2 protein chains.
Amino acid sequence: MKRVAIAAAGITKFNKTEKPLDSLMLSSIRPIFENAKDLEQNDVDVVLTSTNANRNYLANIISELSGIKPKISHSVESLCNSGTNSLVSAYAYVSSGLADVALVVGGDKSDNPGLVLNWDMARGEYVHPIFWSSMFTSAHMRKYGTSLEDLAYVSVKNHKNALDNPYAYFEKSFSLEDVMASKNLTENVRLLDCSMPCDGAAAIVVCSEDRAKKITDTPIWISGIGQKTISASFTKNNDLSSMESTKNAVADAYRMSNKTVDDIDVVELHDAFSICEIIELEDMGFCQKGQGAKFVRDLYDTSDKMINPRGGLIGAGHPLGATGIAQVVEIYQQLTGNAEKRQVSDAKTGLVHNMSAGSTSSTVLVLES
Amino acid sequence: MKRVAIAAAGITKFNKTEKPLDSLMLSSIRPIFENAKDLEQNDVDVVLTSTNANRNYLANIISELSGIKPKISHSVESLCNSGTNSLVSAYAYVSSGLADVALVVGGDKSDNPGLVLNWDMARGEYVHPIFWSSMFTSAHMRKYGTSLEDLAYVSVKNHKNALDNPYAYFEKSFSLEDVMASKNLTENVRLLDCSMPCDGAAAIVVCSEDRAKKITDTPIWISGIGQKTISASFTKNNDLSSMESTKNAVADAYRMSNKTVDDIDVVELHDAFSICEIIELEDMGFCQKGQGAKFVRDLYDTSDKMINPRGGLIGAGHPLGATGIAQVVEIYQQLTGNAEKRQVSDAKTGLVHNMSAGSTSSTVLVLES
């Protein structure tokens, strides 16, 4: 297999605006062409858009507005992990030799239709993702004694990390008391345990080794890819204290990259809700099962930014189609030493975990400098 | 690059039904598992859905309903060439080694939102594809003297071919007089010059060489791929007597497959409207520029089924997300000798041409037995 690089990245501020999706996407693309050593619109073979919006022909529209006439252009949708699905397609095009340079752009508005899980009739009235997060929370509490305070630490830590991320939706920190006292949405999910839908876009360039060296002095390599879909409906999940698709995907990503959890310096993981970060840390091997809450408290106590340095989805916001790409942008910035106040020192190997719909599907990527 | 095969195919009758999209897609998948020598749900690494419907998480829903737990699953959208875009992604996954077996399923209902080109404000009130076809028709008439009768021959031929296609939307033939007398939608596009939106689904299995030989005794090889996007809006097209994206894509597909037009035995081309078949035959080198109409008349006079043996979009119907896959299914059946009454004798090399939105983007594939 040919070596495949990430050679450039761009991102918008995550917020709520009047800007249409197209404009957001273009704003994330602009810095890529402005900052690259050598990259012209004519060099781009592939334009993929990643979104949950009900739009047709969006990749072609973004191509035309960007002055690009690509070979391959289409939109990719898989709810919250649309972004990493489009990145994996870009990897495959470059790796197979069909393309040399792919521009991958994710974006969504805060009112996008991916926020409601309305295809699964077994959910009854419980169509909002809050309900699956509450069921995961209950299961983890029963099995491992996880407390409401444990959950609150995830939120406090990630909101604190987001303060150093100029693109984050939240621009203020919250105390443990703030989170504990925030509105109860279910008996164990509070408002500040949730990632917020918002507007945002993020873009990356995926390309061949030769091309990467023309675009930048610091390419990052995609060395591990794992993906798994267990189901679409929530009823197929058995043990709700764990995420089967994530365990499957991370095993494949470690195997392909020939890395273990001990090699990972910095992580972006999919904290759609507080409970997710705790379960995912366990399922990806960063600690023993049942020790995720303690792991988060230790990170908080030591101000360690290793996990979700940009603030995760909880601190940075969650524009669905952009999220997977934004996670990759963060790890790209970390591994190139450009993460400014968020920089994790000596970060050489990073991991991205991006999932959909109650972890019915997951993507894990290993990136290396 | 690894050799990549098509090893199985399925298709539904194209019609108008009460069936939901999911059911149509499942109906196209069922014969694949029923007929394969050796293929289980567990063998499938990738499920891609191709549709213009406003649906979220459809690939995961189809996976679950089919009993498949794939690595990669998402939906692909690029209007009328969504189908071939998803096939090219499947090719890239297999060729790169990320996957061994991909199931690609295209489908749409007759009321899907891809039928109206409402993103291009420059179109003014002319949002229906009929209007771009009328502009192509006017340009070709001016430059090459193409007549309304020439256009009618495309429709008569393709409706006649569709009589031998049990999956076609139309089940009756039309005389030259019928087409000439059918309702004028513009000054040069009549109702019977148009492909009809309808319900339908089609599915194929794309896989590695080793796997293909387990599934079938007659794999078909994807030897040439060409894709090009010129724009999203129609205003970027200059010479409307020709299709720039098609010329670009066919050149790449011939180059990659090391074939020329003289090697092609059977063709599925994107006759969304009568004028399309004439222009595409010229632009893909089957005849000189300006000779497309004569080429079609000769086919008709000699009952030669080489071009659009299943009746094309005009005879078989046009369920947008299914169309590109349905074209590939036809060429697969032709090259495996299973096209029954439609069989083109001694067909060894086939070509698929699938395009979107006034040929603003095109895909061309070369397939070989």
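Residues numbered from 1 in each chain as written. Chains lettered and ligands numbered in written order. Predicted model: local features only at pLDDT ≥ 70, side-chain atom pairs only at ≥ 80, totals over all residues. Heavy atoms only, no water.

Under an unreviewed UniProt entry, the name given to chain A is Acetoacetyl-CoA beta-ketothiolase, and the source organism is Nitrosotalea devaniterrae.

A. Highlighting the overall build of chain A. When helices and strands are counted, chain A shows 12 helices and nine strands. Relative to a compact globule of 369 residues, whose C-alpha radius of gyration would be 21 Å, chain A shows 19 Å and is just as compact. Along the first, second and third principal axes, the C-alpha set of chain A runs to 55 × 40 × 35 Å. In chain A, buried positions account for 68% of the 369 residues. In chain A, once contacts between residues fewer than 6 apart in sequence are set aside, the share between residues at least 24 apart is 78%. When the accessible area of chain A is evaluated, it comes to approximately 12200 Å², of which 47% is carbon and sulfur surface. (Helix = DSSP H or I, 4+ residues; strand = E, 2+ residues; numbered from the N terminus. Rg over C-alpha atoms; globule rule 2.2 N^0.38 Å. Buried < 20%, exposed > 50% of the residue type's maximum accessible area, 1.4 Å probe, protein only. Contact = heavy atoms within 4.5 Å. Areas by Shrake-Rupley, 256 points an atom, 1.4 Å probe, with all protein chains shown as cover.)

B. Structural detail: the environment of B:A92. You can see B:A92 is positioned in helix 3 (residues 82-96). A residue is classified by how much of its surface remains accessible, and B:A92, at 0% relative accessible area, is buried. Taking C-alpha positions, B:A92 is 31 Å from B:N118, a pair spaced 26 residues apart along the chain. Each residue touching B:A92, except ones within four places of it in the same chain, is listed here: A:A92, A:Y93, A:S96 and A:L98.

C. The arrangement of the relation of the copies chain A and chain B in detail. Superposing chain A onto chain B requires a rotation of 180° together with a translation of 0.0 Å along the rotation axis, leaving an RMSD of 0.0 Å. The symmetry that links the two subunits is that of a two-fold axis. A share of 100% of interface residues in chain A that are also interface residues in chain B marks the association as one of identical surfaces. (Least-squares fit on C-alpha atoms with pLDDT ≥ 70 in both.)

D. Local environment of the pairing of strand 1 (residues 4-11) of chain A. Residues and elements named next belong to chain A. With respect to burial, strand 1 is a largely interior element, eight of its eight residues being buried. Judged from the seven bridges that link them, strand 1 and strand 5 (residues 200-208) form a sheet pairing that is antiparallel. Residue pairing in the sheet places V4 in a bridge with S208 of strand 5. Of the strand pairs in this sheet, strand 1 and strand 6 (residues 220-229) are connected by two bridges, and their pairing is antiparallel. (Pairing = 2+ DSSP bridges.)

E. Quick look at the pattern of salt bridges. Under the defined criterion, the tally for this structure stands at 44 salt bridges over all chains. Note that B:E268 is salt-bridged to B:R310, the shortest N-O span being 2.8 Å. With B:E268 in strand 7 (residues 266-268) and B:R310 in the loop between helix 10 (292-301) and helix 11 (312-316), this residue pair connects regions lying 42 residues apart in the sequence. According to the relative accessible area criterion, B:E268 is buried, its value standing at 0%. Three or more residues are tied together by salt bridges with common partners; here these are A:R3, A:E209 and A:K213. (Salt bridge = Lys/Arg side-chain N within 4 Å of Asp/Glu carboxyl O.)

F. View of the interface of chain A and chain B. Contact residues are listed per partner, giving 50 residues for chain A and 50 residues for chain B. Taking both partners together, chain A and chain B bury about 4000 Å²; carbon and sulfur atoms supply 53% of that area. When the area that chain A buries against chain B is broken down by residue, the three leading residues are A:N56, A:Y57 and A:E64, summing to 19%. Summed over the shared surface of chain A and chain B, the result is zero salt bridges. Counting across the interface, chain A meets chain B through 30 residue pairs in polar contact (both at pLDDT 80 or more). Taken together, the elements giving at least two residues each to the side of chain A that touches chain B come down to helix 2 (58-66), strand 3 (72-77), helix 3 (82-96), strand 6 and helix 8 (244-257) of chain A. (Buried area = accessible area lost by both parts, 1.4 Å probe. Polar contact = N/O pair within 3.5 Å; in protein donor to acceptor, adjacent residues only side chain to side chain.)

G. Highlighting the state of the cysteines. Under the counting rule described, the total for this entry stands at zero disulfides over all chains. Of all cysteine sulfurs, the one in B:C194 lies closest to B:C276, which takes part in no disulfide; the gap is 9.8 Å. (Disulfide = S-S within 2.5 Å.)

H. Quick look at the domain arrangement of chain A. All names here are of chain A. For chain A, the assigned domains read domain 1 (4-113 + 199-221) and domain 2 (126-195 + 223-368). Centre-to-centre separation of domain 1 and domain 2, based on C-alpha positions: 23 Å. Opposite the 40 residues of domain 1 that make contact, domain 2 presents 38 residues. For the pairing of domain 1 and domain 2, the buried interface totals around 3000 Å² over both sides, and the portion due to carbon and sulfur atoms is 67%. Taken together, the connections running from domain 1 to domain 2 amount to one salt bridge. Of the charged contacts, one joins K13 and E171 as a salt bridge, the two residues approaching to 2.5 Å between their closest N and O atoms. For the side of domain 1 that touches domain 2, the secondary-structure elements that each account for two or more residues are strand 1, helix 3, strand 4 (101-108), strand 5 and strand 6. Top contributing element to the side of domain 1 that touches domain 2 by residue count: helix 3, with seven residues. Of the residues contributing to the side of domain 1 that touches domain 2, the split by class is 18 nonpolar, 18 polar and four charged. (Domains from an automatic or database assignment. Nonpolar A, V, L, I, M, F, W, Y, C, P; charged D, E, K, R; others polar.)

I. Geometry of the packing of aromatic side chains. Applying the stated criterion across every chain yields a total of 10 aromatic pairs over all chains. Their ring planes at 65° and their centres at 5.4 Å tell us that B:Y153 and B:Y300 sit as a pair that is edge-to-face. One end of the pair, B:Y153, is in helix 5 (residues 148-162); the other, B:Y300, is in helix 10, with 147 residues separating them in the sequence. A ring pair is formed by B:F170 and B:F174, whose centres lie 5.8 Å apart and whose planes are at 85°; its orientation type is edge-to-face. The class of B:F170 is buried, set by a relative accessible area of 13%. Judged by relative accessible area, which is 13%, B:F174 ranks as buried. Above the plane of the ring of A:W221 lies A:R3, whose end atom (NZ or CZ) is 3.9 Å from the centre. (Phe/Tyr/Trp six-rings, centres within 6.5 Å; stacked < 30°, edge-to-face > 60°. Lys NZ or Arg CZ within 6 Å of the ring centre and 35° of its normal.)

J. Expanded view of the side chain of A:S63. Positionally, A:S63 belongs in helix 2. Once residues within four sequence positions are removed from consideration, A:S63 is found in contact with A:V47, A:I68, A:P70 and A:S73.

K. Just the packing of helix 5 (residues 148-162) of chain A against helix 10 (residues 292-301) of chain A, in detail. Residue and element names in this part refer to chain A. Look at helix 5 against helix 10: their axes get within 9 Å of each other, and the N-to-C directions meet at 40°. Judged by the twist between their axes, the crossing of helix 5 over helix 10 is left-handed. Two secondary-structure elements touch here, helix 5 through E149, D150, Y153, V154, V156, K157 and K160 and helix 10 through A293, V296, R297, L299 and Y300. Within the contact of helix 5 with helix 10, the residues separate by chemical class into seven nonpolar, no polar and five charged. (Axes fitted to C-alpha atoms, helices over the stretch in contact; angles between N-to-C directions. Left-handed = near helix turned anticlockwise from the far one by under 90°.)

L. A look at the packing of helix 1 (residues 21-35) of chain B against helix 2 (residues 58-66) of chain B. Residues and elements named next belong to chain B. Their axes nearest at 10 Å, the elements helix 1 and helix 2 cross at an angle of 55°. As far as their axial angle goes, helix 2 and helix 1 are oblique. For the pair helix 1 and helix 2, the sense of crossing is right-handed. For the pair formed by helix 1 and helix 2, the contact residues are L21, D22, M25, L26 and I29 on the first element and L58, I61, I62, L65 and S66 on the second. Looking at side-chain class alone, the contact of helix 1 with helix 2 contains eight nonpolar, one polar and one charged residues. (Parallel < 35°, antiparallel > 145°, perpendicular 65-115°, else oblique.)

M. Broad picture of the pairing of strand 4 of chain A. Residue and element names in this part refer to chain A. With respect to burial, strand 4 is a largely interior element, eight of its eight residues being buried. Neither face of strand 4 is exposed, since V101, L103, V105 and G107 on one face and A102, V104, G106 and D108 on the opposite face are all buried. The pairing of strand 2 (residues 46-50) with strand 4 spans five bridges and is classified as parallel. Pairing of V46 across the sheet is with A102, part of strand 4.

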